[in-house]
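# Structural description and commentary
Okay, here's what each chain looks like letter by letter:
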Amino acid sequence: TTHPNTRGTTMTPATSNTSTSSTSNTTKSKKKSKQDGRWSKRFTWPEELHRDFVSAIFDVGLKQSSPSSILEQMPKHEQITTERIKSHLQKYRLHRIKSKKEFMSSYEA
């Protein structure tokens, strides 16, 4: 009931050698990426940088803010990237909406 081409066992060692070499290449590329900083630990925003971030949002306006416009308004810092600003802006907007709802519910009570 098996297909005649799948019976050969000589193909298995060659296939496993190929997968081993591709696995080691993948490992090497991950190590290389670590040196670039792509696989770094989670970034925690220091208080001073967060203050600069919020100040930039007030300068630009929350509705008009984009990661690139915020980056232009913030002082230069080697660890700040548009990706980190994008993520922080998303969290900031969500937290702001949540805080507003909590404030309004406590105010009405």
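As a starting point, this report considers the structure included with it.

Criteria and thresholds
Residues numbered from 1 in each chain as written. Predicted model: local features only at pLDDT ≥ 70, side-chain atom pairs only at ≥ 80, totals over all residues. Heavy atoms only, no water. Salt bridge = Lys/Arg side-chain N within 4 Å of Asp/Glu carboxyl O. Helix = DSSP H or I, 4+ residues; strand = E, 2+ residues; numbered from the N terminus. Phe/Tyr/Trp six-rings, centres within 6.5 Å; stacked < 30°, edge-to-face > 60°. Buried < 20%, exposed > 50% of the residue type's maximum accessible area, 1.4 Å probe, protein only.

Scanning all chains against the criterion turns up one salt bridge. Close ionic contact of Lys-86 with Glu-83 constitutes a salt bridge, the shortest N to O distance being 3.5 Å. Residue Lys-86 and its partner Glu-83 are both found in helix α4 (residues 82–108); the two are separated by three residues, about one turn of the helix.

Under the criterion given, the structure shown has three aromatic pairs. Taking the centre distance of 5.7 Å and the plane angle of 75 degrees together, the rings of Phe-43 and Trp-45 count as edge-to-face. With relative accessibility at 18%, the residue Phe-43 sits in the buried group. Residue classification places Trp-45 among the buried residues on the basis of a relative accessible area of 16%. Site record: aromatic cluster; members linked through ring pairs are Phe-43, Trp-45, Phe-53 and Tyr-92.

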